[in-house]
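Analysis of the macromolecular model
Residues per chain are reported as follows:
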Amino acid sequence: MPAIAVAEPGYTTIFDGTPTGSDASFDKWAYAGGGGVDLQADGTLRSSGGFGMRWYTVKPFGDMSLKVDYRDARGSAPGYSNGGVLVRFPDPRVPATQTPATWSYDWKGASGPFPPAKQYAGEPGCQRVQPSLLPESWLPAWVPVVCGQEIQINDSPDVGAPDPRKTGSVYGFADLDATRSGAVERYATLGPWHTMEIRVVGQQYTVLVDGKTINQWDGAVPMRFPDRGLGDPPTMARQFAAGYIGLQAHADGDVIAYRDVRVKELAAAPKNTAAPVVTGDGFTGRALSCAPGTWTGADQGYVIEWLRSNAPVNDAPTDAELGTVKVASGASYTPTSADLGQVVWCRVSATNAEGGTTWATRAAPAITFASDTTGTVGGTVGATLALTLDGPATFGAFTPGVAREYTASTNATVVSTAGDATLSVADNGPNSGYLVNGAFTLPQPLQGLGVVKTGAHPPRTRRCPSRSSRRSVPTTRCAPGLTPRPSRSRCRRQRRSPHSAGLLNNVSRSARVSSSSTEPSSRYSCSWSPSATATATAASRWAGTASIMRPAACSCAMNASMAERVLR
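Numbers given for residues are sequential positions, taken from 1 along each chain in its written order. With the structure being a predicted model, the display of local features is reserved for residues of pLDDT at least 70 and the display and counting of side-chain atom pairs for 80 or more, all residues being used for whole-chain, interface and lining totals. Note that the side-chain values use all heavy atoms of the structure and ignore hydrogens as well as water.

1. Some words on the overall build of the chain
As a reminder of what qualifies: Segments assigned H or I by DSSP are reported as helices when at least four residues long, segments assigned E as strands when at least two residues long, and all are numbered from the N terminus. Think of it in three bands: residues with accessible area under 20% of the maximum for their type are buried, residues over 50% are exposed, and the middle band is partly exposed, with areas taken using a 1.4 Å probe on protein chains only. The contact criterion used is simple: two residues touch if any of their non-hydrogen atoms lie within 4.5 Å.
Along its length, the chain carries 4 helices and 40 strands. Counting only residues that meet the buried cut, the chain has 47% of its 568 residues in that class. Within the chain, contacts between residues at least 6 apart in sequence are counted, and of these 70% link residues at least 24 apart.

So this is what it looks like as structure tokens:
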């Protein structure tokens, strides 16, 4: 009499090795298809013959942790055995004609190498997919293949074995090779027992063998089954919230033994409430980091992994089209040239004490090539010379009969790329340097239209202070047209011009400021405009532009003789 299996705390045994007597007995497991999965004297189940399954009829299961012990029991016969654990499939006893004829699915989208959000619909319903090559009596065994998921058992090498999908593969949707499966560590010594655990929360599947996580796959992502000519439905047609559990018989020669099947129904798996966050610029050679985001019910910490995938080529890619591989574990990852043109993303998995595992994802920025080289950085600044004046330079009121010099000045700021720059004032008009009003011209030129040289200042902002001056002229000096008065040392007016009224109402001259230097420079223009009214006031105004400033001073002057000439 075999010993009755005892489950771990929190788990319920649904196959304990007994033939009858409880909900964990062999008689609660029905068979469908060819071949067999039969009870052995030692209280185990063993597959044989053709394709079929033995499935637990008592109830379907929703979110759960399912554990099954398995081993390759072919003994001394050459080769490797194939089998599987079947989950989340609808009741295979329901005739196909009584199942939905169509399906629809609302995909919300997710960050990573996944298709964008979309509403999907199609036909036929999964249970109506019935290959003609199967005998009708075998069709119930096909329901898990087209409606649920098969978690593969196949501890064999990649070369020399008929099926490339190894243990832990979610068959057709998340396939593993012998290395990622860990089969390379098991097939060398066939015969020992191993424990497979399948955690299903929502549509997220986590597969462990002997306590080690070997596969994680999200069945909510729209994906196609690789074409094999049997009409396998996509994931969008398999969105069942609960389903039945089965153990597979694969084909002649495949002998897999099963024992101690137990289930823990999960009531409160971890839940992500704020998505993970990836920081970093996406350049090769520069680290990315992934923060877990916010979770509830995640009391066992987090596992962060980095993966690389192809971008989706359609709205339901295959596993091969995505080509997902794990590239690193931990909170940081430094992209390499292998990531160029790929989607790099992090997956944050959370597990709680109950045993539920869920995850959330976040794509990294697009990976771009970066190269660090040692060198110098420099540039050329274009030649610049610019002048800005603060405002008009205004003469004070002219005093008739008094010989004096009238001076006005304004602040100028100069921009020059030259170390030294010489500013000159030039009058381009036909009466260079003279005040003009229509046909009338003063007989003496303005004074001070000379040359101003800037100092060799470093390139910084400086301003020159404003200044103005007034000084007396000796009374013995008179302008042309005036004679000295010996008794008063004053200049005497000799004659009066009939054109005195409004002579300076529209007086203007234009000047050009230029620079000369041994270093690059530019030429800019400015203008000055003296003017006066009948009450004998005059002004001078400069205008220009500048950005970086160097100091200079520009001035113009009108002497008393000019004023008296105007006032006659």
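Having seen the structure, we can now continue with the description.
2. Thoughts on unusual backbone geometry
That bond from Glu123 to Pro124 is cis: its omega, -5°, falls within 30 degrees of zero. In this structure, Arg88 is a non-glycine residue whose phi angle is positive, near 55°. Tracing the backbone through its elements, the reader meets Arg88 in strand β7 (residues 83-89). The class of Arg88 is buried, set by a relative accessible area of 3%. If you check the backbone angles, Asp260 has positive phi at about 45° while not being a glycine. Relative to the elements of secondary structure, Asp260 occurs in strand β15 (residues 256-265).

3. Examining the state of the cysteines
The criterion, for reference: By disulfide we mean two sulfur atoms from cysteines, separated by a distance within 2.5 Å.
By the definition in use, this model includes 2 disulfides. What pairs with Cys126 in a disulfide is Cys147, and their sulfur atoms sit 2.1 Å apart. Taking the sign of the S-S torsion, 110° for the link of Cys126 and Cys147, the bridge is right-handed. Of the two residues, Cys126 is situated in the loop between β9 (118-122) and α1 (139-147) and Cys147 in helix α1; the sequence distance between them amounts to 21 residues. With relative accessibility at 6%, the residue Cys126 sits in the buried group. Residue Cys290 pairs covalently with Cys346 via a disulfide, S to S 2.1 Å. Taking the torsion about the sulfur-sulfur bond, which here is approximately 50°, the covalent link between Cys290 and Cys346 counts as right-handed. Of this pair, Cys290 sits in strand β18 (residues 288-291) while Cys346 sits in strand β23 (residues 343-351), placing them 56 residues apart in sequence.

4. As for the nonpolar core
How we decide: Nonpolar cores were defined as sets of buried Ala, Val, Leu, Ile, Met, Phe, Trp, Tyr and Cys residues, with membership established by side-chain atoms within 4.5 Å.
The biggest cluster of nonpolar side chains holds 52 residues, and the ones touching the most others in it are Leu66, Val85, Ile198 and Tyr258. Apart from the residues within four sequence positions on either side, Val85 is in contact with Leu66, Val68, Gln149, Glu150, Ile151, Ile153, Met196, Ile198, Gly246 and Leu247. Membership of the second largest hydrophobic core comes to 17 residues, among which are Phe51, Met53, Val129 and Leu139.

5. With respect to the packing of aromatic side chains
Here is the rule: Centres within 6.5 Å are what make two rings of Phe, Tyr or Trp a pair, Trp counting through its six-membered ring; a difference in plane orientation under 30 degrees is then read as stacked, over 60 as edge-to-face, and the rest as tilted.
For the structure on display, the rule yields 14 aromatic pairs. Between the aromatic rings of Phe173 and Phe225, the centroid separation amounts to 5.4 Å while the plane-to-plane angle is 85°, which identifies the pairing as edge-to-face. Taken together, the residues span a long stretch of sequence, with Phe173 in the loop between β10 (149-153) and α2 (178-181) and Phe225 in the loop between β13 (212-218) and β14 (244-249) at a distance of 52 residues. Of the two residues, Phe173 and Phe225, both sit in the buried class. Their ring planes at 45° and their centres at 5.6 Å tell us that Tyr205 and Trp217 sit as a pair that is tilted. In this pair, Tyr205 sits in strand β12 (residues 204-209) while Trp217 sits in strand β13, placing the two residues 12 residues apart along the sequence. Considered together, Tyr205 and Trp217 belong to a single accessibility category, that of buried residues. Taken together, the aromatic side chains of Tyr171, Phe173, Tyr205, Trp217 and Phe225 make up a single cluster linked through ring pairs.

6. A short note on the sheet that holds strand β2 (residues 29-33)
Keep this limit in mind: Any two strands with at least two DSSP bridges between them are considered paired. Note on geometry: axes are lines fitted to C-alpha atoms, helical ones only across the stretch in contact, with angles between N-to-C directions running from 0 to 180 degrees.
Strand order in this open sheet of 5 strands is β2-β5-β14-β7-β10, and the pairing throughout is antiparallel. In this open sheet, the two strands that pair with only one neighbour each are β2 and β10. Ignoring strand direction, the axes of neighbouring strands in this sheet form an average angle of 25°. Sheet topology note: the β2/strand β5 (residues 52-56) ladder contains 5 bridges and is antiparallel. From the neighbouring strand, Ala30 faces β5, where its bridge partner is Trp55.

7. Here's the deal with the side chain of Asp232
Our working rule: We call two N or O atoms a polar contact when they sit within 3.5 Å, provided that within protein one can donate a hydrogen and the other can accept it, with sequence-adjacent residues counted only if both atoms are side-chain atoms.
Tracing the backbone shows Asp232 in the loop between β13 and β14. Within polar-contact distance, the side chain of Asp232 engages the side chain of Arg228 at 2.9 Å.

8. Brief notes about α1
Most of α1 is tucked away: 8 of the 9 residues are buried. Of all the residues in α1, the buried ones are Leu139, Ala141, Trp142, Val143, Pro144, Val145, Val146 and Cys147. In this structure, the buried residues of α1 make contact with β2, β5, β7 and β10.

9. Here's the deal with the sheet that holds strand β22 (residues 332-333)
Ordered by their spatial adjacency, 3 strands build an open sheet running β17-β18-β22, and the pairing between neighbours is antiparallel. Each of the sheet's edge strands pairs with one partner strand only, and the pair in question is β17 (277-279) and β22. Both β17 and β18 contribute to a ladder of 3 bridges, which runs antiparallel. The residue of β18 that forms the bridge with Val278 is Cys290.

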